[in-house]
Amino acid sequence: MRKRIVPAICALSALLMSGLAACGDGQQPAPPGSDAGAPPAGAGGATGENTGAGTGTEGPGGAAESASPPAVREVDIRSVDFANTEWLYSYSGFDLPVTVTLVDGAASQESNGYPIRYELGDVAYGDVDGDGREDAVASLSRAQDNGYEAMWYLWLASGPEAVQVKYPIAQTSRCGTFVESVVPGGGGVTVTEYLRIEGLDRDIPCSDPGTGLRTRTITVHSEAGELWPVQTAPVTAWGGLCPGSLYPDTGPGLADLWAAPSQSAAVATAASPGGGALFPQKDAPLLQREGWQIIGFRLFEGGSDIPEVDMSCAWAVS
């Protein structure tokens, strides 16, 4: 049974009170338990080779010297054949991922008797995680009946393999958000997108983008074999997709929030009675994690006139 988000007002009230108490006595909450799964599998077409294995030699005393460890060839991300490898894909950006094996850039599956078509989209290269090596960001689309969406995923050059970050960082969908550009490099990736604003954009055809222009910069937080996208601008926040608010508004006040489900990640907000507001989020199986919950937040200073554009999300200790 998956863990559900705490009901709106009670959860936010308890979260804010506990955050204020922690702020008052200077203590940090104890690290929660973790049910982290195994890290995503690397791309099948990006395996490295061992070269230069050392051999034992006789030293002056006649004993064999220790052999040098074999050198590991680092993967060249541009050599990875993204059109012919296994992907993880999360429908809507929030379902548990399924494995999609592309052949010549496409794959077909079936769900409830209806065919699903996946296709590889654009691939761009640049340093995303700040290690000085090129990584990739690539899109994979999913079409079923009249429904269409495309997700952008990060692929990191990690040792002999390319490793996919399983959380999508951007989404284009019919009558939804339109992603204009995704540009990696300089230790991050910049996403420019147009949100459809409820009410304001109701008369705009689904074929056209909405009016909520937003630009975000995302990098990767790595810890204990896990990879999480984290946002660095315009505010520190979760770098994956936000499920969306259960309710249109809430009372003012902030709590202690982190950019990833770890207290080693960057702090998104600190508990305070003003300066922002918290918003309970919809259920998202991909974002269920023992001891944590995903929370929407909005900072009041320096924002735009469109609340949806300023909405971000981050992780709270539950």
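Residues numbered from 1 in each chain as written. Predicted model: local features only at pLDDT ≥ 70, side-chain atom pairs only at ≥ 80, totals over all residues. Heavy atoms only, no water.

Asks: Teacher, can you tell me more about the nonpolar core here?
Replies: Considering soluble globular proteins, one finds that nonpolar side chains tend to be buried as a cluster. Within the largest apolar cluster, 54 residues are counted, with the highest numbers of intra-cluster contacts made by Trp87, Tyr118, Trp152, Leu154, Ile169, Trp238 and Leu287. Counting residues per element, this core draws most heavily on strand S8 (residues 147–158), which supplies eight residues. (Core = buried A, V, L, I, M, F, W, Y, C linked by side-chain atoms within 4.5 Å. Buried < 20%, exposed > 50% of the residue type's maximum accessible area, 1.4 Å probe, protein only. Helix = DSSP H or I, 4+ residues; strand = E, 2+ residues; numbered from the N terminus.)

Asks: Hey, could you run me through the packing of aromatic side chains in this one?
Replies: Aromatic ring pairs are defined here through the distance separating the ring centres and the angle between the ring planes. What the rule picks out here adds up to nine aromatic pairs. Measuring from centroid to centroid gives 5.2 Å for tryptophan 87 and tryptophan 155, while their planes differ by 75°, and the two rings are edge-to-face. In this pair, tryptophan 87 sits in strand S3 (residues 86–89) while tryptophan 155 sits in strand S8, placing the two residues 68 residues apart along the sequence. The burial state of tryptophan 87 is the same as that of tryptophan 155; both residues are buried. (Phe/Tyr/Trp six-rings, centres within 6.5 Å; stacked < 30°, edge-to-face > 60°.)

Asks: What's the story with the environment of leucine 227 in this structure? I'm lost.
Replies: Relative to the helices and strands, leucine 227 is located in strand S14 (residues 226–233). The class for leucine 227 is buried, based on a relative accessible area of 17%. Put simply, leucine 227 and lysine 166 are 61 residues apart on the chain and 8.1 Å apart in space, counted from C-alpha to C-alpha. The contacts of leucine 227, once residues within four sequence positions are left out, are Leu156, Val163, Val165, Tyr167, Val220, His221 and Ser222. (Contact = heavy atoms within 4.5 Å.)

Asks: Mind showing me how you'd approach the sheet that holds strand S15 (residues 237–238) here?
Replies: Hydrogen bonds along the backbone pair up the strands of a sheet, which may run parallel or antiparallel. If you walk across this open sheet you meet the five strands as S11-S12-S13-S14-S15, and the pairing is antiparallel. Edge positions in the sheet fall to strand S11 (178–185) and S15, since each of these pairs with one other strand and no more. The pairing of strand S12 (residues 188–195) with strand S13 (residues 212–223) spans seven bridges and is antiparallel. The partner of leucine 195 across the bridge, within S13, is glycine 212. (Pairing = 2+ DSSP bridges.)

Asks: For this particular structure, what's the right way to read the state of the cysteines?
Replies: Disulfide: a covalent bond connecting the sulfur atoms of a pair of cysteines. For the structure shown, the criterion picks out two disulfides. A sulfur-sulfur separation of 1.6 Å characterises the disulfide bridge that pairs cysteine 175 with cysteine 206. Across the disulfide from cysteine 175 to cysteine 206, rotation about the S-S bond amounts to roughly -60°, and the bridge is consequently left-handed. Of this pair, cysteine 175 sits in the loop between strand S10 (170–173) and S11 while cysteine 206 is found in the loop between S12 and S13, placing the two residues 31 residues apart along the sequence. With its sulfur 2.1 Å from that of its partner, cysteine 242 forms a disulfide with cysteine 313. Residues cysteine 242 and cysteine 313 are joined through a disulfide that is left-handed, its torsion about the S-S bond being -95°. Taken together, the residues span a long stretch of sequence, with cysteine 242 in the loop between S15 and strand S16 (252–254) and cysteine 313 in strand S21 (residues 312–317) at a distance of 71 residues. Judged by its relative accessible area of 31%, cysteine 242 falls in the partly exposed class. Counting only the cysteines that form disulfides, in the order they appear in the protein chain, gives the pairing 1-2, 3-4. (Disulfide = S-S within 2.5 Å.)

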